[in-house]
Structures are given as structure tokens and as C-alpha cells.
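Report on the structure
One letter stands for each residue in the lines below.
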Amino acid sequence: MRLNKYLSLCGIASRRKCEEYITSGRVTVNGKTVNALGTVINEKKDVVSVDGKTLSMPNEFVYLKLNKPKGYACTKSDEKGRKTIFDLVESDVRLFNVGRLDFNTEGLIFLTNDGDFANMVTHPSFHFEKEYHVTVEGEMKESEFAVLRRGVVENGKRMPEAKVKFLSWDGKFTKLSVVIDEGQNHQVRRMFDAIGKDIKLLKRVRIGNVTLGGLYRGKTKSMTEEEIACFTGAK
Ligand code: URA
């Protein structure tokens, strides 16, 4: 079996992300560091470790939804010593986050130990929509909505189109729904930067057909079989 596939089956991350673990020298096979992406292992015999910890395949898969609050980093350990989403999660098994939200973004993120599931959710070819509620100061013009919908131009390059809907205006802040089906870094913040609007609050409310629902900030909940099947098509 290919090493990146084995790492992902052991719940390290999606297969693509596991490649980064390999190339950055964090993986050993039988005690020797392996950097080559095409490495094939014998999963019955070889001892594979990440950061010095020996891996084994999980007995069961776990799928959680988390309502991430602002001020938490989506990483196992933050180099700046900030709080991380794993401070909010109680689990006997080692989980990883599926994709990321910025430190100051809140809302829906999945945690799992199933690398194939993570791959389905995050791989651009599956085009699962992500919906954000965006609060900006001031009133927004129809022409600005049109620019966001068409795809803003950043450093001469057009960013992907977005579905943009007005939600509310309270005399000070405009609230919008923004739907994208790609996951470029800081994509929503960059879209609003490009039109000179400062985001006050960014919250992800939906991934594919799975919504945040009534999940309280900072809380986790197991995903239902129907929710998991939205991505795996297994039902
Ligand atoms: N887009 C952003 O800019 N930030 C996020 O956290 C998610 C999407």
C-alpha cells in the first residue's frame, strides 16, 4: 500500500495532506525517515511512525461537527501558543480537522480520523459548496455584489465566482450569504479586501448539505449517517 494512503487510513490527515507529512521528514518506516512520495509499505509488517509515534489503523471512524469560535487556531499545536480547536474536543481517538478556518473565523468545521472522508470533503474536484455569513460595516452597493459574483480580480487574476445574497442591513452593518465551492486560502477575506470592505464577522454555516444547525459555539456533535453520506455517497 502507498505510504500516504496508509497514513490517511491511520487517521493522520487526508491523503494529499499526508504527502506534506512525508516530504517534510516527519514519517519513518522501520525507524528510517522516508521522504519519497511514491513509497510503498507492507502494512502488515512495516512499523510506520509520525513524529516518533507508531501508527495503527483505527477500529472505528469518528465524524464530528464543531462550531468553532473566533480566537482558536485550526492546528494540533500552535507555534504562537494560541488556543486551538483541539482544546474544545474530547475524544479518545486521534482526530484531525477537515480543511481549516482562519483564527478569527467561526462556524462549521468537521473533525475525523477518516482520511478518505476528508479527501472527499476537501478535494476541489468534488465541488462541495461552502456557505459563509459575512458581516461588513456600512451598506453595500448592488455593483459590489455584482463584482463578488463575477469573481474579483486580485493581482491581475480573477478569483472564482461566488453566489452572493443580501441577508440584512441594520443601519450599521450589512449581512450577506456568500457561497463558494473552492477552498483557496483566506478566499472570502481576500474577496472583500479586493473591493475595499473590512469583514467584521465571518462564519461558515454550511458545507455541502450539512449545516451548523443549532450547534452552540465551542460545542461538538457526532455527524449523522445521512450527513456523512452527503460526502461519501454511501447511503
Ligand atoms: N475564507 C476565509 O477568508 N477565511 C476562512 O476562514 C474561510 C474562508
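Residues numbered from 1 in each chain as written. Predicted model: local features only at pLDDT ≥ 70, side-chain atom pairs only at ≥ 80, totals over all residues. Heavy atoms only, no water.

For the protein chain, the assigned domains are domain 1 (3-54), domain 2 (63-125 + 210-232) and domain 3 (129-207). The gap between the C-alpha centroids of domain 1 and domain 3 is 38 Å. (Domains from an automatic or database assignment.)

Pairing in this open sheet of four strands is antiparallel, and the strands run 2-1-3-4 from one edge to the other. Edge positions in the sheet fall to strand 2 (32-33) and strand 4 (53-54), since each has one partner strand and no second. Relative to strand 3 (residues 48-50), strand 1 (residues 27-29) is paired through three bridges, and the arrangement is antiparallel. Bridged to Val-29 within strand 3 is Val-48. (Pairing = 2+ DSSP bridges. Helix = DSSP H or I, 4+ residues; strand = E, 2+ residues; numbered from the N terminus.)

Inspection of the region around the ligand gives Leu-101, Asp-102, Thr-105, Tyr-132, His-186, Gln-187, Val-188, Arg-189 and Leu-202 as its neighbouring residues. Contact between the ligand and Asp-102: an oxygen atom at 2.7 Å from a main-chain N or O atom of the residue. The contact in question runs from an oxygen atom of the ligand to an N or O atom on the side chain of Thr-105, over 2.8 Å. For the ligand, the protein covers 95% of the area, taking 230 Å² as the surface of the free molecule. Considering every element that reaches the shell around the ligand, the biggest residue donor is helix 5 (residues 187-194), with three residues. Here the shell around the ligand is composed, by residue class, of four nonpolar, three polar and two charged. A domain-level breakdown of the shell around the ligand finds at least three residues from each of domain 2 (63-125 + 210-232) and domain 3 (129-207). (Near = heavy atom within 4 Å. Polar contact = N/O pair within 3.5 Å; in protein donor to acceptor, adjacent residues only side chain to side chain. Areas by Shrake-Rupley, 256 points an atom, 1.4 Å probe, with all protein chains shown as cover. Nonpolar A, V, L, I, M, F, W, Y, C, P; charged D, E, K, R; others polar.)

On to the pairing of strand 8 (residues 130-137), then. In the case of a regular strand, side chains alternate between the two sheet surfaces. Taking burial as the measure, the eight residues of strand 8 include six buried ones, the bulk of the element. Of the strand pairs in this sheet, strand 8 and strand 12 (residues 173-180) are connected by eight bridges, and their pairing is antiparallel. In the strand pairing of strand 12, Val-136 is matched with Thr-174. Direction of pairing for strand 8 relative to strand 13 (residues 199-207): antiparallel, over a ladder of seven bridges. Looking at the pairing, Thr-135 lines up with Leu-201 of strand 13. (Buried < 20%, exposed > 50% of the residue type's maximum accessible area, 1.4 Å probe, protein only.)

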